[in-house]
Amino acid sequence: MERCGGVYALCGYIDRATLEPRIDRKFEVALPFSEGLAAVRSEGKFGYINSSGDMVIAPMFDLARAFRKGHAEVVAGDKAGIIDRTGKLVLPPNYARAIPFAADAALVRPGKAIVPESFGFPRFMIGELLFERDDPRYLLVDLLSGKILKDELAIKEFDFGTFVWAAQPGDKRYGLLAPDGTWKIEPRFETVGKLHKKSNCLLWPVGRTQRSVHPT
């Protein structure tokens, strides 16, 4: 786990069980490990280290997010894109957000990236959609072909490794959308919640009382 401190407030990593140092404090910002890699900031730019502390993706990004299913969102300037585990851009930085969705898809939003530093935080925060405003709309894109599978989606976080809550244009009802653009649960809920530790989600169907389901 990451730990910061010392005279220069630099960050490194310690063993979660023993609290013994594992990687020296030498980074300006250190994010949690995910899929064997962690985003760190060095000399003002983010790159990625492995569990030995070796820089395996050179610092070149203004912001970086944890890996999920082999991909990570990064920001260069005021645009977001997606890289793979080698640091190769699989989706060029042309978007305000570029959220990896399972292994082969992404949810992207046109525009300029919102830099969390303007809110006083020098990194992405917990919760994918924390700083979203004005009900922004997303495109569902296939990473391999670049094909747009669905557009003008309103989304709410569920579990970006498997599904996402989404509402179609002109419809305030949410359903559970799969990465291939099909519906796991057809849109019929007006309020939905994030999956928490694989437990049930609370849902409010339109015109009905509250209930919960688990989309297995």
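Above this text sits the structure in question.
Residues numbered from 1 in each chain as written. Predicted model: local features only at pLDDT ≥ 70, side-chain atom pairs only at ≥ 80, totals over all residues. Heavy atoms only, no water.

Caption draft 1: Highlighting the state of the cysteines. All told, the structure shown has 1 disulfide when counted by the stated rule. The disulfide bridge from Cys4 ends at Cys11, spanning 1.9 Å between sulfur atoms. Between Cys4 and Cys11 the disulfide shows an S-S torsion of about 105°. By sign, it is right-handed. (Disulfide = S-S within 2.5 Å.)

Caption draft 2: Just the sheet that holds strand S10 (residues 79-84), in detail. If you walk across this open sheet you meet the 4 strands as S8-S9-S10-S11, and the pairing is antiparallel. Where the open sheet ends on each side, the last strands, each with one partner, are strand S8 (63-64) and strand S11 (89-95). Relative to strand S9 (residues 71-76), S8 runs antiparallel, the two sharing 2 bridges. When the bridges of S9 are listed, Ala64 appears paired with Val74. (Pairing = 2+ DSSP bridges. Helix = DSSP H or I, 4+ residues; strand = E, 2+ residues; numbered from the N terminus.)

Caption draft 3: Fine view of the sheet that holds strand S1 (residues 2-5). In space, the 3 strands of this open sheet follow the order S1-S2-S3, with antiparallel pairing throughout. Two strands bound the open sheet, and with one partner strand each, they are S1 and strand S3 (21-27). Neighbour to neighbour, the strand axes of the sheet diverge by 25° on average, direction disregarded. As judged from the 3 bridges shared by strand S2 (residues 10-14) and S3, these two strands associate in the antiparallel manner. The residue bridging Ile14 from the neighbouring strand is Pro21, located in S3. (Axes fitted to C-alpha atoms, helices over the stretch in contact; angles between N-to-C directions.)

Caption draft 4: Molecular detail of the pairing of S9. S9 sits mainly inside the fold: 5 of its 6 residues count as buried. Two successive antiparallel strands, S8 and S9, enclose a turn made up of 6 residues, where Lys69 displays a positive phi of approximately 55°. Alignment of S9 against S10, held across 6 bridges, turns out to be antiparallel. Its bridge partner being in S10, Ala72 is matched across the sheet by Ile83. Where S9 folds back onto S10 in an antiparallel hairpin, the turn is made up of 2 residues, including Gly77, whose phi is positive at roughly 70°. (Buried < 20%, exposed > 50% of the residue type's maximum accessible area, 1.4 Å probe, protein only.)

Caption draft 5: Region of the structure containing the nonpolar core. Phe46, Tyr48, Phe67, Ile83, Leu91 and Val108 are the most contacted members of the largest nonpolar core, which totals 26 residues. Broken down by secondary-structure element, the contributors of at least two residues to this core are strand S6 (45-49), strand S7 (55-61), S8, S9, S10, S11, strand S13 (105-109) and strand S14 (138-142). Residue contacts for Val108: discarding those within four places in its chain leaves Leu91, Tyr95, Arg97, Ala98, Arg137, Tyr138, Leu139 and Val141. (Core = buried A, V, L, I, M, F, W, Y, C linked by side-chain atoms within 4.5 Å. Contact = heavy atoms within 4.5 Å.)

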